Amino acid sequence: SQQGEEDPQALSIQEGENATMNCSYKTSINNLQWYRQNSGRGLVHLILIRSNEREKHSGRLRVTLDTSKKSSSLLITASRAADTASYFCATVVLYNQGGKLIFGQGTELSVKP
Amino acid sequence: DTGVSQDPRHKITKRGQNVTFRCDPISEHNRLYWYRQTLGQGPEFLTYFQNEAQLEKSRLLSDRFSAERPKGSFSTLEIQRTEQGDSAMYLCASSAKQGNTGELFFGEGSRLTVL
């Protein structure tokens, strides 16, 4: 079963705009990760945020984590057509250390040139 | 190329046939994961290994599915008596981190079509 739910399911924006994707999860976590997947390809890790962190940056990516609301958001600033992909959040459940990542359903991002 | 490799990339089979997928993880990684992904959905966990030990297996995995990782290196995922519902992308990933699960490195996947 999926732990995370992403919102929106699909997002279409113009190049240069910011894209925000949200993820909610159900159980307490050790860490939360975001991945990107181009159509028909494997997933690529973007960023990991631990349960004791609130915000993290990597290039044009900004991730926030609110453990009280069991939610996270991924912000992509100054989007480019090459950012077109599906984005997934994934969680490592607390007390299941070393175990599986549970993925959400994903947000399909389309960036129009 | 030192990434995760999967073979074959595409497999078309008839219902009732057996299929086997192979995954070669990044060489120094001791953890290996199998996921299944259908169109428009997120990856669904199937099973994972630490070295040669299979530590967890999804309850969604029927008896027709079996995975091995002999000698803690490459892994195989076999599906016996395939059904049309098995059509999906099968993704393999590996990880080096001890303790809490960190970044997973994914292969390009093996796409299965059952006719």
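Keep in mind the model is a prediction, meaning the values are calculated, not measured.

(A) Molecular detail of the side chain of R64 of chain B. Residues and elements named next belong to chain B. Along the chain, the position of R64 falls in the loop between β6 (53-57) and β7 (65-68). The buried category is assigned to R64, whose relative accessible area is 11%. Among the polar contacts listed, one links the side chain of R64 to the backbone oxygen of R81, at a separation of 3.2 Å.

(B) Expanded view of the interface of chain B and chain A. Listed by partner, the interface residues are 25 residues for chain B and 24 residues for chain A. Of the roughly 1,900 Å² buried between chain B and chain A, counting both surfaces, carbon and sulfur atoms make up 45%. Viewed at the interface, chain A and chain B are joined by two salt bridges. The closest approach of N and O atoms between E56 of chain B and K100 of chain A, which form a salt bridge, is 2.4 Å. Across the contact surface, chain B and chain A share seven residue pairs in polar contact (both at pLDDT 80 or more). At the level of elements, β4 (31-37), β5 (44-50) and β9 (88-95) of chain B are the ones that each hand at least two residues to the side of chain B that touches chain A. A per-element tally of the side of chain B that touches chain A places β4 of chain B first, with four residues. Per-class residue counts for the side of chain B that touches chain A are ten nonpolar, nine polar and six charged.

(C) The arrangement of the side chain of Q33 of chain A in detail. Position of Q33 of chain A among the secondary structure elements: in strand β4 (residues 29-37). A distance of 3.1 Å separates polar atoms of two side chains, one belonging to Q33 of chain A and the other to N31 of chain A. In this structure the side chain of Q33 of chain A is engaged in a polar contact, spanning 3.1 Å, whose partner is the backbone oxygen of G102 of chain B. Setting aside anything within four residues of it in sequence, one finds Q33 of chain A in contact with H45, I47, L48, F88, C89, A90, V92 and L101 of chain A together with T101, G102, E103 and L104 of chain B.

(D) Here's a closer look at the nonpolar core. Counting 21 residues, the largest nonpolar core has M21, L32, W34, L74, I76, Y87 and L109 of chain A as its most contacted members. At the level of secondary structure, the elements contributing two or more residues to this core comprise β2 (10-14), β3 (19-24), β4, β5 (43-50), β7 (61-66), β8 (71-76), β9 (85-93) and β11 (107-112) of chain A. In this structure, V4, V19, L32 and A67 of chain B belong to the second largest nonpolar core, which totals 19 residues.

(E) Just the packing of aromatic side chains, in detail. Under the defined criterion, the tally for this structure stands at nine aromatic pairs over all chains. With 5.8 Å between their ring centres and 85 degrees between their planes, Y35 of chain A and F106 of chain B make a pair best called edge-to-face. Residue Y35 of chain A is located in strand β4, and its partner F106 of chain B is located in strand β10 (residues 105-106); the two belong to separate chains. In this pair, the class of Y35 of chain A matches that of F106 of chain B, namely buried. Geometry around F45 of chain B places K100 of chain A over its ring, the cationic atom sitting 5.3 Å from the centre. Above the ring of F74 of chain B, the side-chain terminus of R22 of chain B is found at 3.9 Å from the ring centroid.

(F) Inspection of the state of the cysteines at higher detail. For the structure shown, the criterion picks out two disulfides over all chains. The side chain of C23 of chain A participates in a disulfide bridge whose partner is C89 of chain A; the two sulfur atoms lie 2.0 Å from each other. Handedness of the C23 of chain A-C89 of chain A disulfide follows from its S-S torsion of about 65 degrees: it is right-handed. With C23 of chain A in strand β3 and C89 of chain A in strand β9, the pair connects residues that are 66 residues apart, well separated along the chain. Two residues, C23 of chain B and C92 of chain B, share a disulfide whose sulfurs are 1.9 Å apart. On the S-S bond that ties C23 of chain B to C92 of chain B, the torsion sits near -70 degrees, and the link is left-handed. In this pair, C23 of chain B is assigned in strand β3 (residues 19-24) and C92 of chain B in strand β9, connecting sequence segments 69 residues apart. Exposure class is identical for C23 of chain B and C92 of chain B. Each is buried.

(G) Up close: the sheet that holds strand β8 (residues 75-79) of chain B. Residues and elements named next belong to chain B. Here we have four strands laid out as an open sheet, ordered β1-β3-β8-β7, and antiparallel in their pairing. Of all the strands in the sheet, just β1 (5-7) and β7 have a single pairing partner and so form its edges. For this sheet, the mean inter-axis angle between neighbouring strands, taken without regard to orientation, is 15 degrees. By the bridge criterion, five bridges tie β3 to β8 in an arrangement that is antiparallel. Bridged to V19 within β8 is I79.

Rules used throughout
Residues numbered from 1 in each chain as written. Chains lettered and ligands numbered in written order. Predicted model: local features only at pLDDT ≥ 70, side-chain atom pairs only at ≥ 80, totals over all residues. Heavy atoms only, no water. Helix = DSSP H or I, 4+ residues; strand = E, 2+ residues; numbered from the N terminus. Buried < 20%, exposed > 50% of the residue type's maximum accessible area, 1.4 Å probe, protein only. Polar contact = N/O pair within 3.5 Å; in protein donor to acceptor, adjacent residues only side chain to side chain. Contact = heavy atoms within 4.5 Å. Buried area = accessible area lost by both parts, 1.4 Å probe. Salt bridge = Lys/Arg side-chain N within 4 Å of Asp/Glu carboxyl O. Nonpolar A, V, L, I, M, F, W, Y, C, P; charged D, E, K, R; others polar. Core = buried A, V, L, I, M, F, W, Y, C linked by side-chain atoms within 4.5 Å. Phe/Tyr/Trp six-rings, centres within 6.5 Å; stacked < 30°, edge-to-face > 60°. Lys NZ or Arg CZ within 6 Å of the ring centre and 35° of its normal. Disulfide = S-S within 2.5 Å. Pairing = 2+ DSSP bridges. Axes fitted to C-alpha atoms, helices over the stretch in contact; angles between N-to-C directions.

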